[in-house]
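Results of the structural survey
Residue strings, one per chain:
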Amino acid sequence: MRFLSTDEQLAIVDAVDDIISANGGARVARAWVDGDTAPGLALWAQLAEAGLMGLRVDEALGGFGGSTSDLVVVAERLGWHSVPGPMLESIALLPHLVDDEDRAGLADGTLIGTATVAGIAPLALDAHVANRHYAIAESHVAAADPGGAIASIDPARRLFPLTATGSPRDVDPAVIASAVDETTLACAAGLVGTGERLLAESVEYAKVREQFGAPVGQYQSLKHQLADVRVALSFARPLVWGAALSAGTSKHSRDVSAAKVAAGAAARLAAQTALQVHGAIGYTREHDVSIWLARAVAHDQAWGTQEHHRDRIARSLLAS
Amino acid sequence: MNLDLTPEQDAFRLEARTWLAENVPVSPLPSMDSEAGFRAHREWEATLHAGGWSVVSWPAEYGGRDAGLIEWVLFEEEYYLSGAPTRVSQNGISLLAPILFEYGTPEQHARYLPHMTDGSLIWAQAWSEPGAGSDLASIRSTATRDNARGGWLLNGQKTWSSRAVWADRGFGLFRSDPSASRHAGLTYFLFPLDAEGITVRPITQIDGDTGFAEIYFDDVFVPDSDVLGAPGDGWRVAMSTAGNERGLSLRAPGRFLAASARLTELFRERGTVGTRTADDVVDAWIGAQAYRLFTWGTVSRMLDGESVGAEGSMNKVFWSELDRDIQATGLRMLGAEGELRGSGAVDGGRWVDDYLFSLAGPIYAGTNEIQRNIIAERILGLPRDGKKA
Ligand SMILES: Cc1cc2nc3c(=O)[nH]c(=O)nc-3n(C[C@H](O)[C@H](O)[C@H](O)COP(=O)(O)OP(=O)(O)OC[C@H]3O[C@@H](n4cnc5c(N)ncnc54)[C@H](O)[C@@H]3O)c2cc1C
């Protein structure tokens, strides 16, 4: 029993942080918002080169052969840096649902995939940068074409309806369900990362912004709000890690839902508090806080709302 | 990361589960805040001790099993899930013993540790005073030197001392050097509650039981052999227990796993998916799982040689609010029956009793406001409040 990141995972985290920072950090998301996807796609290529786009692809197919635990550790960093694009789709969802050739393409970064999943993800993220689109239903997967873009509360996200074109391929519903769970869990991990970033930015700002002759972070009403964010995030992360470890067991779906509810709630609290701590500057697009704030809200809504996942847990508690 | 247990740890868990299943009293004991209940809980401590389960992580020479931290948490999970009684000896075992091990003399170890584990010596924590709650360093009760008798004379008043009504001994801080700065002139004493000059006045709690008491000291003599740590060093000694109290030792995850399991049981009998109550039951379940997993993270760090420190304040805020939410949800699910107490009520009124006690969680062991200050200042590094006495 050692419920901490392994040295290897810490090394992966360092590598991911380095690559993203070297490629512009939050500036990548900012450019993506403005319609300039080039820095984001360059970052994508760099991550692929480091093997990270193939995190969940077997080594035999040129992937990294990583575990679900490795995935959540990396996904948290994607959330921290607010990396744009259909990353979760390409790293977590599609590798389990496409054929070997496409899987290898996803791993080496030549393919960027996005998808709709009937019910939980009715619109596909950032289809404009993807060269593979899939419409996924309960028991089959079909190639698809995107319709027109719809805006999101997070300006770094564009959402597209897809229309199936090719003939659907049968896929075991259990495999689809588990790929969706994995994506949901990666989304939860990303929410923890985004929440951590919002908290870190808020704490830094609270130390330097002065009003009434003192840093605003000295005032207890802000301190206590920030302390609550610290607590919420600290207790959400273990749920994400715990769910990663129960992959493949009968408890997994319920654990994923718990992680998503807690991470979503913690990130929402972090977002709301970050805005309060920053005052009006936080309410502007000029300030980076808006990047993480919008992402927290959008990712909390995506891959199943808190209501959806609470109901899933409630049903499971009634059944067991 | 992993949560894998060794075969030995699994066997340990099973052994604990089996013993508890055979020994936990079938009908719940009366409240330990009543005279009969206190006695019954003392006897349960003796039973636990006889079975070798009183203090699993202690050295064998004091009645423990030399078990590691992981085994301790496993035992706590099993303990609460089995429905076993609350530990009337917890002040001694979880608050005093850790510092006794660290600061006590070998003679003090021999004199106190063995009796702490079998229910024969129950301790009360005498820290708070009428004028010193959150601001504990402002205590005014005094200790004056009595060289002739080789000890100290205690004077003053302590309050809100849990279980002091029936407990045997107390431990607490007294101002031994009035000229020293607030934190410097304090000394940590151990004393019998039936000593000459001590008066214990029971205080009735909100639930009607006499769970805590005031203690008056009128020239109470305490020999040097009952000073814990060095004279004047009491603050440092005391603070090393405060972390224990807020963190792991007072509120092991098993307690809330069990409470959430009872809530889930009630939900199966009375609940409907998609209601606000269902959401609250789910949040309670998530909270209990989160607390359990967070604890495993803490344990892992401790096994790596790190200490808990200010992180205990996060635990404190989390468990106390989780407990309050669990109990409030339980009451709501009982509907009109949710106000009933005693034998005519569901589960003998346990939901109401536990609810009332849960309301004190954000107050005792350092209020949650104080814990949030600690989190903000020591974990987040925000500036300290300018105004300091
Ligand atoms: C059930 C129960 C059992 C207890 N058992 C024991 C025991 O065994 N031994 C013992 O010694 N004590 C015990 N206590 C006492 C407990 O430790 C104190 O109640 C606690 O430390 C708070 O002190 P106080 O009650 O004097 O409140 P105060 O310190 O007077 O606080 C009143 C309110 O003001 C707030 N406040 C105070 N200072 C600040 C600040 N700086 N910033 C923001 N808010 C602030 C507090 O958070 C609280 O909400 C027990 C209490 C309870 C309820």
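Fair warning: this is a prediction, and the values are worked out from it, not measured in the lab.

Calculation criteria
- Residues numbered from 1 in each chain as written.
- Chains lettered and ligands numbered in written order.
- Predicted model: local features only at pLDDT ≥ 70, side-chain atom pairs only at ≥ 80, totals over all residues.
- Heavy atoms only, no water.
- Helix = DSSP H or I, 4+ residues; strand = E, 2+ residues; numbered from the N terminus.
- Rg over C-alpha atoms; globule rule 2.2 N^0.38 Å.
- Buried < 20%, exposed > 50% of the residue type's maximum accessible area, 1.4 Å probe, protein only.
- Contact = heavy atoms within 4.5 Å.
- Areas by Shrake-Rupley, 256 points an atom, 1.4 Å probe, with all protein chains shown as cover.
- Phe/Tyr/Trp six-rings, centres within 6.5 Å; stacked < 30°, edge-to-face > 60°.
- pLDDT = per-residue confidence, 0-100.
- Buried area = accessible area lost by both parts, 1.4 Å probe.
- Salt bridge = Lys/Arg side-chain N within 4 Å of Asp/Glu carboxyl O.
- Polar contact = N/O pair within 3.5 Å; in protein donor to acceptor, adjacent residues only side chain to side chain.
- Near = heavy atom within 4 Å.
- 1 Å grid on protein atoms, 1.4 Å probe; cavity = no way out; pocket = protein on both sides within 12 Å on 5 of 7 lines; lining within 4 Å.
- Points joined across faces, edges and corners; volume = space filled by probe spheres on them.
- Nonpolar A, V, L, I, M, F, W, Y, C, P; charged D, E, K, R; others polar.
- Pairing = 2+ DSSP bridges.
- Core = buried A, V, L, I, M, F, W, Y, C linked by side-chain atoms within 4.5 Å.
- Axes fitted to C-alpha atoms, helices over the stretch in contact; angles between N-to-C directions.
- Parallel < 35°, antiparallel > 145°, perpendicular 65-115°, else oblique.

**A closer look at the overall build of chain A**
For chain A, the count of helices and strands is 11 helices and 10 strands. Compactness check: chain A gives a C-alpha radius of gyration of 19 Å against a globular reference of 20 Å for 320 residues, within 12% of the reference. Considering only C-alpha atoms, chain A reaches an extent of 65 × 50 × 40 Å along its principal axes. Going through the 320 residues of chain A one by one, you find that 59% of them count as buried. Nonlocal contacts in chain A, meaning residues at least 24 apart in sequence, comprise 70% of its contacts between residues at least 6 apart. By element, 52% of the accessible surface of chain A is carried by carbon and sulfur atoms, the whole surface being about 12300 Å².

**Topic: the overall build of chain B**
On a plain count of helices and strands, chain B comes out with 11 helices and eight strands. Relative to a compact globule of 389 residues, whose C-alpha radius of gyration would be 21 Å, chain B shows 21 Å and is just as compact. Dimensions of chain B, computed from C-alpha atoms along their principal axes, come out at roughly 70 × 50 × 50 Å. A separation threshold of at least 6 residues defines the contact pool for chain B, and within that pool the share at least 24 residues apart is 70%.

**Observations concerning the packing of aromatic side chains**
Counting across every chain of the model gives 28 aromatic pairs over all chains. Considering the side-chain rings of B:Phe12 and B:Trp53, the 5.6 Å spacing of their centres and the 65° angle between planes classify their relative orientation as edge-to-face. Here B:Trp53 lies in the loop between α2 (35–51) and α3 (69–81) and B:Phe12 lies in helix α1 (residues 7–23), a separation of 41 residues in the sequence. This pair shows no difference in class: B:Phe12 is buried, exactly as B:Trp53 is. What links up through ring pairs into an aromatic cluster is the set A:Phe235, B:Phe256, B:Tyr291, B:Phe294, B:Phe318, B:Trp319, B:Phe357 and B:Tyr364.

**Section: the confidence of the model for chain B**
Mean pLDDT over chain B works out to 94, with 96% of the residues at or above the 70 mark. Taken together, the chains of this predicted complex give a pTM of 0.96 and an interface ipTM of 0.96.

**Here we look at the interface of chain B and chain A**
How large an interface is tends to be reported as the accessible area lost when its parts come together. Taken residue by residue, the interface counts 46 residues in chain B and 44 residues in chain A. Carbon and sulfur atoms make up 72% of the area that chain B and chain A hide from each other, which totals about 4100 Å². Our enumeration of links across chain B and chain A arrives at four salt bridges. Here B:Asp304 and A:Arg2 are joined by a salt bridge, their closest N and O atoms 2.5 Å apart. At the junction of chain B with chain A, the criterion picks out 14 residue pairs in polar contact (both at pLDDT 80 or more).

**So, the site of the ligand**
Of all residues adjacent to the ligand, which total 17 residues, the nearest are B:Gln125, B:Ser134, B:Trp160, B:Thr367 and B:Glu369. Chains contributing residues near the ligand are chains A and B. Contact between the ligand and B:Ser128: an oxygen atom at 2.8 Å from a main-chain N or O atom of the residue. Contact distances for the ligand include 2.6 Å between an oxygen atom and a side-chain N or O atom of B:Ser134. Listing elements by their share of the shell around the ligand, those giving two or more residues are β3 (151–162) and α11 (368–379) of chain B.

**Focus: empty space enclosed by the protein**
Residues and elements named next belong to chain A. Considering all chains together, one arrives at one cavity of 30 Å³ or more under this definition. The space that makes up the largest cavity amounts to roughly 140 Å³. For the largest cavity, the lining is made up of 18 residues, of which Val83, Pro84, Gly85, Arg295 and His299 are closest to its centre. Residues that form the lining of the largest cavity fall into these classes: 10 nonpolar, three polar and five charged.

**Looking at the pairing of strand β5 (residues 186–192) of chain B**
Residue and element names in this part refer to chain B. For β5, the tally of buried residues reaches six of seven residues, placing the bulk of the element in the interior. Bridge analysis of strand β4 (residues 169–175) against β5 gives seven bridges, and the strand direction is antiparallel. Bridge pairing in β5 links Leu173 to Tyr188. The sheet contact formed by β5 and strand β8 (residues 227–228) spans two bridges and is antiparallel. In the sheet register, Phe189 faces β8, and the bridge partner there is Val227.

**A word on the sheet that holds strand β6 (residues 158–160) of chain A**
All names here are of chain A. The three strands lie next to each other as β2-β6-β5, forming an open sheet whose pairing is antiparallel. The open sheet has two edge strands, β2 (124–125) and β5 (150–151), and neither has a second partner. Pairing analysis gives two bridges linking β2 to β6, with the strands arranged antiparallel. Paired with Leu125 across the bridge in β6 is Leu159.

**Looking at the pattern of salt bridges**
Oppositely charged side chains can pair when the atoms bearing their charge come close. Scanning the entire structure with this criterion turns up 43 salt bridges over all chains. Measuring nitrogen to oxygen at the nearest pair gives 2.9 Å for the salt bridge that ties A:Asp288 to A:Arg30. You can see A:Asp288 sitting in the loop between α9 (252–278) and α10 (289–301) and its partner A:Arg30 sitting in helix α2 (residues 26–33), a full 258 residues away along the chain. Classification of A:Asp288 as partly exposed rests on a relative accessible area of 28%. According to the relative accessible area criterion, A:Arg30 is partly exposed, its value standing at 26%. Two residues, B:Glu77 and B:Arg13, come together in a salt bridge whose shortest N-O distance is 3.6 Å. Residue B:Glu77 is located in helix α3, and its partner B:Arg13 is located in helix α1; the two are separated by 64 residues in the primary sequence.

**Some words on the environment of A:Ala258**
You can see A:Ala258 is positioned in helix α9. A:Ala258 sits in the buried class, given a relative accessible area of 1%. Between the C-alpha atom of A:Ala258 and that of A:Ala243, which follows or precedes it by 15 residues, the distance is 8.2 Å. Those residues in contact with A:Ala258 that lie beyond four places of it in its chain are A:Leu239, A:Ile313, B:Trp285 and B:Ile286.

**Points about the nonpolar core**
Counting 149 residues, the largest nonpolar core has A:Leu93, A:Ile136, A:Val240, B:Phe75 and B:Ile286 as its most contacted members. Counting residues per element, this core draws most heavily on helix α7 (residues 173–208) of chain A, at 15 residues. If sequence neighbours within four positions are ignored, A:Leu93 has contacts with A:Leu88, A:Ala115, A:Val117, A:Ile136, A:Ala179, A:Val180, A:Thr183 and A:Trp303. In terms of nonpolar packing, the next biggest core, distinct from the first, is built from 29 residues, B:Tyr112, B:Leu121, B:Ala132 and B:Trp235 among them.

**A closer look at the packing of helix α8 (residues 220–245) of chain A against helix α8 (residues 276–303) of chain B**
It is the contact of α8(A) with α8(B), at a shortest axis distance of 8 Å, that shows an interaxial angle of 85°. One finds that α8(A) runs roughly perpendicular with respect to α8(B). Residues A:Ser234, A:Phe235, A:Pro238, A:Leu239 and A:Gly242 of α8(A) pack against B:Ile286, B:Gln289, B:Ala290, B:Tyr291, B:Leu293 and B:Phe294 of α8(B). Residue classes in the contact of α8(A) with α8(B) are distributed as eight nonpolar, three polar and no charged.

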